[in-house]
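Coordinate inspection notes
Read off the chains here:
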Amino acid sequence: MERILVIGCSGQIGSELTLALRKIYGNKNVFATDIKQPPADILETGPFYLLDVLDYNNLLHFAVRFKITQVYNLAAVLSGNAEKIPQQAWDINMRALMNTLELARDSDAKKLFWPSSIAVFGPTTPRHNTPQLTVMEPNTVYGISKLAGERWGEYYHKRYGVDFRSLRYPGLISYKTEAGGGTTDYAVEIYYEAIRNNRYNCFLREDTALPMMFMDDAINATIKLMDADPAKLSLRSSYNVGGMSFTPRDVANAIRKHRPGFEITYEPDFRQAIADSWPASIDDSVARADWGLSDSFNLDSMTEVMLREIGKKLSNQE
Ligand code: SER
């Protein structure tokens, strides 16, 4: 029987992935943890503990006590925030990963999911339809930590037999929990501002194309990868995941189909340089061939759900 530890259950991915895992593995077998309080539905449906992944002894104690067999390590400082505190962000992102890799050696928690990102690519990478294997010279702290993390994951797999699995997520878009501090977060904020004020001042230029994915598709991809027969996994670093590709102007146009008066202005800040160093679109054919990656949302279907759900959420808060 699987007993699963989610680290970072209060964050953008964790707050949705925890509930999806509880549906599959049973509420009591999915241990939600974070350094901050989670949403009510996580508290109500199963175990939650305050746990700091940076404290190795506590982490090991926790995993042994609850007989953990799988870990989803979602703790990270995102790209924009990391640029404000480079050394600290490197330390947090790397130590969080190394602790869960070590945990896999020292306990029964041998299966580990850790998210990588399109940030592993850099300005010298081919920007369009970026291949799985290509030039990788990231120039952000976040990207450097993700690339180093992929290398460490593969190393622990080969050297110590850790069942390390990872996806290079594109920008993730969701309505439940806001991310915070990422470069792709404009594509979440824009929907909130559309509902609140029918206008948005975007921190990226209108023609900045980036790969993006709706959270439902990202959760499905994550669970599918973790379920995949290990014999099918040709990669133990991290799989490209493409999703869709769009610009801020494209999102504004998609929103106008529902809210014709929506207005957008552009005031690029330091995150423009980060976005410019990342791919515009991703080739994820290796993930499709190896373990059947698929996605179902496009910009229009996602926009419909985002506007509807954020509309409900904000009117409930009034
Ligand atoms: N969405 C992340 C960020 O913008 C990239 O992985 O930081």
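Source: prediction; values computed, not measured. (Residues numbered from 1 in each chain as written. Predicted model: local features only at pLDDT ≥ 70, side-chain atom pairs only at ≥ 80, totals over all residues. Heavy atoms only, no water.)

Okay, the sheet that holds strand β5 (residues 111–113) next. Strand order across the open sheet formed by six strands is β3-β2-β1-β4-β5-β7, with parallel pairing between neighbours. Edge positions in the open sheet fall to β3 (48–50) and β7 (163–165), since each of these has one partner strand only. Pairwise comparison of adjacent strand axes, ignoring direction, gives a mean angle of 20 degrees for this sheet. Bridge count for strand β4 (residues 70–73) against β5 is three bridges, and the pairing is parallel. By the bridge assignment, tyrosine 72 is partnered in β5 with phenylalanine 113. Running at roughly 175 degrees to β4, helix α5 (residues 86–106) makes contact with β1 (4–7), β4, β5 and β7 of the sheet. The strands that helix α8 (residues 215–227) touches are β4, β5 and β7; relative to β5, the one it contacts most, it runs at about 155 degrees. (Pairing = 2+ DSSP bridges. Helix = DSSP H or I, 4+ residues; strand = E, 2+ residues; numbered from the N terminus. Axes fitted to C-alpha atoms, helices over the stretch in contact; angles between N-to-C directions. Contact = heavy atoms within 4.5 Å.)

This part covers unusual backbone geometry. In this structure, asparagine 129 is a non-glycine residue whose phi angle is positive, near 55 degrees. Tracing the backbone through its elements, the reader meets asparagine 129 in the loop between β6 (116–117) and α6 (141–160). With relative accessibility at 47%, the residue asparagine 129 sits in the partly exposed group. Its identity as a non-glycine residue notwithstanding, asparagine 198 has a phi of 60 degrees, on the positive side. In this structure asparagine 198 comes out as partly exposed when scored by relative accessible area, which is 23%. (Buried < 20%, exposed > 50% of the residue type's maximum accessible area, 1.4 Å probe, protein only.)

Ranked by size, the top nonpolar core spans 44 residues in total, and within it Ile173, Tyr186, Tyr191, Phe246 and Met302 carry the most contacts. Beyond its immediate chain neighbours, meaning those up to four positions away, phenylalanine 246 contacts Ile173, Tyr186, Ala187, Thr208, Ala209, Leu210, Met212, Val251, Leu299 and Met302. Counting 33 residues, the second largest nonpolar core, distinct from the first, contains Ile13, Tyr169, Met226 and Leu233. (Core = buried A, V, L, I, M, F, W, Y, C linked by side-chain atoms within 4.5 Å.)

Here we come to the packing of helix α7 (residues 186–197) against helix α12 (residues 299–317). For the pair α7 and α12, interaxial distance at closest approach is 9 Å and the crossing angle is 55 degrees. When the axis of α7 is compared with that of α12, the two are oblique. Viewed along their axes, α7 and α12 form a crossing whose handedness is right-handed. Residue-level inspection shows Tyr191, Tyr192, Ala194, Ile195 and Arg196 of α7 in contact with α12, the latter providing Leu299, Met302, Thr303, Met306, Leu307, Ile310, Gly311, Lys313 and Leu314. (Parallel < 35°, antiparallel > 145°, perpendicular 65-115°, else oblique. Left-handed = near helix turned anticlockwise from the far one by under 90°.)

Under the definition given, this model contains 18 salt bridges. Put simply, glutamate 154 and arginine 151 hold a salt bridge, and the shortest N to O gap is 3.3 Å. Of the two residues, glutamate 154 and arginine 151 both sit in helix α6, three residues apart, roughly one turn of that helix. For the salt bridge of aspartate 207 with arginine 205, the shortest nitrogen-to-oxygen distance reads 3.1 Å. The exposure class assigned to aspartate 207 is partly exposed, which follows from its relative accessible area of 42%. Where salt bridges share partners, they join Arg151, Glu154 and Lys158 into one cluster. (Salt bridge = Lys/Arg side-chain N within 4 Å of Asp/Glu carboxyl O.)

With that out of the way, let us pick up the site of the ligand. Close contacts around the ligand come from Leu78, Ser79, Ser117, Tyr142, Gly182, Thr183, Thr184 and Trp278, and that covers them all. Within the contact set of the ligand, a nitrogen atom lies 2.8 Å away from a side-chain nitrogen or oxygen of threonine 184. Classifying every residue of the shell around the ligand by side-chain character gives three nonpolar, five polar and no charged. (Near = heavy atom within 4 Å. Polar contact = N/O pair within 3.5 Å; in protein donor to acceptor, adjacent residues only side chain to side chain. Nonpolar A, V, L, I, M, F, W, Y, C, P; charged D, E, K, R; others polar.)

Along the polypeptide, glycine 149 turns up in helix α6. Taking the C-alpha atoms as reference, glycine 149 lies 22 Å from serine 10; in sequence the two are 139 residues apart. Here glycine 149 is in contact with Met94, Leu97, Trp114 and Phe164, once residues within four sequence places are set aside.

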